[in-house]
Every structure is written in C-alpha cells, then in structure tokens.
Amino acid sequence: MLLSLTHRMQLIQAAWRRAWVRATGNHVGAAVMIGAHCNVARGHARARQGTVLIGDRTRLEQGVLLHPHTGSIRIGCDVFLGPGTVIYGHGGVEIGDECLIAMHCRILSSNHTVPAPDVCIRSQLDILTPTRIGRDVWLGAGVTVLAGVTIGDGCIVGAGAVVVHDLPPGSVAVGNPARIIRNR
C-alpha cells in the first residue's frame, strides 16, 4: 500500500512525539499516536514525579494535556482522546480500554478545601481523590468529570455534562449536574 507524502510525514512526526514522551519517563504502548501540541508532563517535583501510562493503540489528538503532577494517569488500550482534552492526575486517574473521550473534555482528580475567609484559598493543600472511568465509555464533547467520580463500564455521557456523582455501568447521563436519563 502506497502512502502519500503527507501521511508518511504525519506517521514520522507521531513516532518522534511518541519517542519524546517515552524519553521523559512515561510508559507509551505500541502503535500509540500522539498528535501535535500534546503536553505529557510528569510534574515538577523532583522527589516524587507523577506517572503516565498510555496503553497500546491509543490516540491522543492535537492539544491533549496529561499532567499527573505527583499522582498518576493510566489510560487503557484503544482509547481515543479528542483535541484539547485535559486530564489532571493529582489524585490518580484511570481510563479503561476502548473509551471515546471527545474534544475539550476535562477529567480531574483533586479539589481545593474551602478555608475560613481569612485564609487564602490557594495556600491550602489539594484534596486528592481518584477518578475512574470504566471500559467502553463515551464522553461527549466538553464533558467535565470531577474528582472522586467513578463512571461504570459502558456509560455514555452527553456533551457539556458535568459529572459530580458516580454513574453505574450502562448509564446514559446528561446535564449539569449529570443525571441518568436511561440505561443502554
């Protein structure tokens, strides 16, 4: 099969990006595609850097940001992360195999405390809470998944939803806050 020059260049650039992400201490599986302008950073704390594990055949589209800080981000095999997706893994994020994460989604695993009015909010330590997304989950465009949420296998979350509570397997949820409207 003959590939166009443009397609060959894209494959070479993706291979270079994959090698760069590996060289910075992250685990990247086989046949992973990493788009332009992706940012996969292990964090700035030398004593305890975070970890990023990306499973085989996963695709990170343009502008994906994966920042585990001192936590972890584990992405399964055959996962698609749409353009502009942001994942903060302070408290740990796990994404199961065969998930479809559409563009501009946000997945968080920490929150701030609410201090007394005389205490600066920014000076407070983060509350680290793991976030888990099961296998074969579809997050529509612009979904936000807040810290501590578990989304069960086979769930679908509609575009723009804000997931603040766990969703049982097979749920279809929409809205802000996300509410279950039916099961698959």
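Our subject is the structure that appears above.
Residues numbered from 1 in each chain as written. Predicted model: local features only at pLDDT ≥ 70, side-chain atom pairs only at ≥ 80, totals over all residues. Heavy atoms only, no water.

Colleague: Summarise the overall build of the protein; cite the residues concerned and give the values.
Modeller: Of regular secondary structure, the protein possesses 1 helix and 22 strands. Here the protein has a C-alpha radius of gyration of 17 Å; the compact-globule value for 184 residues is 16 Å, and the two agree. Projecting the C-alpha coordinates of the protein onto the three principal axes gives extents of approximately 60 × 45 × 20 Å. Per-residue burial over the protein gives 40% buried out of 184 residues. (Helix = DSSP H or I, 4+ residues; strand = E, 2+ residues; numbered from the N terminus. Rg over C-alpha atoms; globule rule 2.2 N^0.38 Å. Buried < 20%, exposed > 50% of the residue type's maximum accessible area, 1.4 Å probe, protein only.)

Colleague: Can you explain the environment of glycine 148? Please cite residues and give values.
Modeller: Relative to the assigned elements, glycine 148 resides in the loop between β17 (144–145) and β18 (150–151). Residue class for glycine 148 comes out partly exposed when judged on its relative accessible area of 29%. When the C-alpha atoms of glycine 148 and arginine 8 are compared, they prove to be 41 Å apart, with 140 residues separating the residues in sequence. Dropping the residues within four chain positions of it, glycine 148 is found in contact with Thr129, Pro130, Thr131 and Asp166. (Contact = heavy atoms within 4.5 Å.)

Colleague: Summarise the sheet that holds strand β12 (residues 106–107); cite the residues concerned and give the values.
Modeller: Read across the open sheet, the 6 strands follow the order β3-β6-β9-β12-β17-β20; overall the sheet is parallel. Every other strand in the sheet has two partners, leaving β3 (39–40) and β20 (162–163) as the edge strands with one partner each. Two elements, β12 and β17, share 2 bridges in a ladder whose sense is parallel. Along β17, the bridge assignment pairs arginine 106 with threonine 144. (Pairing = 2+ DSSP bridges.)

By themselves, these are just geometric observations and shouldn't be taken as functional.
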